[in-house]
Amino acid sequence: MSSVLSSAIAQGLLWSILAIGIYVTYRLLNISDLTSEGSFTLGAAVTAFSIVAGVPPILAVLLAALCGALAGTVTGLLHTKMHIPSLLAGILSMTGLYSVNLRVMGKANIPLNQVDTILSNLKDLLHLARDRGAAIPLGILAVALVIGLLVWFFNTEFGYAIVACGNNDHMIIANGVSSDKLKIAGFAIANALIALSGSLVCQYNGYADVQMGIGAIVVGLASVIIGEVFAKDKSFVFVLLSIVLGSVIYRLIVAFVINTSIVSANDMKLFTAVLVALAIWFTDLSQRKGGKKHA
Amino acid sequence: MLEIKGLCKTFNPGTINEKKVFEDLSLTLNSGDFVTVIGGNGAGKSTLLNMIAGTYPFDKGQLLLDGKDITKLKEYERAAFMGHVFQDPLLGTCSNLSIAENLSIARRKGKRRTLRRGITEAEREEYRALLAPLGLGLEERLTEKVGLLSGGQRQALTLLMATLVRPQLLLLDEHTAALDPKTAQIVLDLTNELVQRDQLTTLMITHNMRDALKTGNRLIMMSEGKIILDINGEAKKQATVSDLLALFEQNNASLDDKMLLG
């Protein structure tokens, strides 16, 4: 396998956890949560700081996810208890997190060259030659764990209630559940996943950077939308697997357009934004054509 | 038994849009009462129902349900012992979940949502038996998403869900108004059946005078936030649509077309 291809697949897997987090808020809760831009970096910042401070990488990863959940909880509280519109609540969290991330890292960039990471741990375990060789196995393992957990969780009583709340909060309130509590939980879960993704991506990249979350939500949306092409009206587990596939396809597209110099690396964010805008537009057009009404 | 005592509510107080909806409204529903509520637009029917449900707070007054003061409870807390069916058939059910999953959410009303499995095999059997008598074929479609059902089917399902755990009070907010006449009749028949089976204390708002007269044991007419007619038993049985219309005229109540057609 060429290195371009394997790096696209590895990145697709590691970033797919971000995409799954975006899916939880964007599709299940019906909210565009911009906290992700900050919580992705937060995951990286917490991981880099902890690893450099000597915390075992696996614990650093879990700590990152926990901090992401906290960030999501803050957005959830801003939205439900302080009645700030969800989009603005996300922007406030994202902006605040920029300073938090700088505080955590103490500087704008922390390299992870001379330290053990979860990749080097896994490389030793699997007797591989290079750290990066462990990226695909790590991605598969992490994705399998995340999907397994989510499929279990969203089939519990609490999980059903979250799905119902995102679809229609009148219904869940009429059935005696606080919609605020469910929304906060949804924000927390989504941002825990996004921070987890940030943690893994920074270890793959070999550094954490305070700017690395910029555009994260659009990358996640691109993966979700590409994935949904394969997942029309399918079961939850299939939808999640499709998002992972969408994330890998997105990375392959990026690798293709950069390697063939169709798009310069500097224009990548613009390219992705246009891609997402067009994809959402086409989805809407095809739904109108099909006369489908979504309640 | 539901007791509403001295209810006051003003929307937008202190502005040019200020609207006094209720000034000292009191009403008692006896246990097992099935009350139909009619009145023109702006009479305060829906506002009253929403205040009982807890959707809006009120300025003054007290709500007692079976002797318990529920004035300070939030909407979701009150929902633990109330059933609420909305006018819009899309609001009472979740379109992304299956029929069985929707019912399982209603089955756990008033209970904490835990990390136990959302639905058990035994429940599926129970729901199949519950849906079969409706004659809508829903018992064969337990795993289908509710988004695929028609408005009437969804409203029938909402009714089942609202009464799955026996509510101390059932609130029906023009729940047949958005349906075609035939489906509306099916849903109304189901309503009667469920209310009678469980002897539910029920408050039903309707635009349809004929439905209001032939349904339930008590009828209330509202105008400008006041109860202008409250009849039950024989008096209600004797009343006709033209009696109600005459009373409307007397009170200069605003009539809307739908009601005249009803």
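Since the structure is predicted, the reported quantities are computational estimates derived from the model, not experimental observations.

This part covers the overall build of chain A. For chain A, the count of helices and strands is 12 helices and 2 strands. Each helix and strand of chain A, ordered N terminal to C terminal, gives the series α-α-α-α-β-α-α-α-α-α-β-α-α-α. A burial count over chain A gives 55% of its 295 residues as buried. Partitioning the contacts of chain A with sequence separation of at least 6, the portion at a separation of at least 24 is 75%. Looking at chain A as shown, the accessible area adds up to about 13,000 Å², and 67% of this sits on carbon and sulfur atoms. One finds the centroid of the 17 positive side-chain charges in chain A at a distance of 4 Å from the centroid of its 13 negative side-chain charges.

Residue and element names in this part refer to chain B. In strand S6 (residues 82-85), alternate side chains face the same way, and those of Met82 and His84 on one face and Gly83 and Val85 on the other are all buried. Examined bridge by bridge, S6 and strand S7 (residues 169-173) share 4 bridges and lie parallel to one another. By the bridge assignment, histidine 84 is partnered in S7 with leucine 171.

Attention now moves to the interface of chain A and chain B. The interface is formed by 22 residues belonging to chain A together with 33 residues belonging to chain B. Taking both partners together, chain A and chain B bury about 2,400 Å²; carbon and sulfur atoms supply 63% of that area. For chain A, the biggest contributors to the area lost against chain B are Glu157, Tyr160 and Asn175 of chain A; these three give 30% of the whole. Run the count over chain A and chain B and you get 1 salt bridge. Across the pair glutamate 157 of chain A and arginine 108 of chain B runs a salt bridge whose closest N-O atoms are separated by 2.7 Å. Inspection of the chain A/chain B interface yields 11 residue pairs in polar contact (both at pLDDT 80 or more). Elements supplying a minimum of two residues to the side of chain A that touches chain B: helix H6 (135-153), helix H7 (157-167) and helix H8 (169-174) of chain A.

Parameters and conventions
Residues numbered from 1 in each chain as written. Chains lettered and ligands numbered in written order. Predicted model: local features only at pLDDT ≥ 70, side-chain atom pairs only at ≥ 80, totals over all residues. Heavy atoms only, no water. Helix = DSSP H or I, 4+ residues; strand = E, 2+ residues; numbered from the N terminus. Buried < 20%, exposed > 50% of the residue type's maximum accessible area, 1.4 Å probe, protein only. Contact = heavy atoms within 4.5 Å. Areas by Shrake-Rupley, 256 points an atom, 1.4 Å probe, with all protein chains shown as cover. Lys, Arg positive; Asp, Glu negative; His and termini not counted. Charge placed at Lys NZ, Arg CZ, Asp CG, Glu CD. Pairing = 2+ DSSP bridges. Buried area = accessible area lost by both parts, 1.4 Å probe. Salt bridge = Lys/Arg side-chain N within 4 Å of Asp/Glu carboxyl O. Polar contact = N/O pair within 3.5 Å; in protein donor to acceptor, adjacent residues only side chain to side chain.

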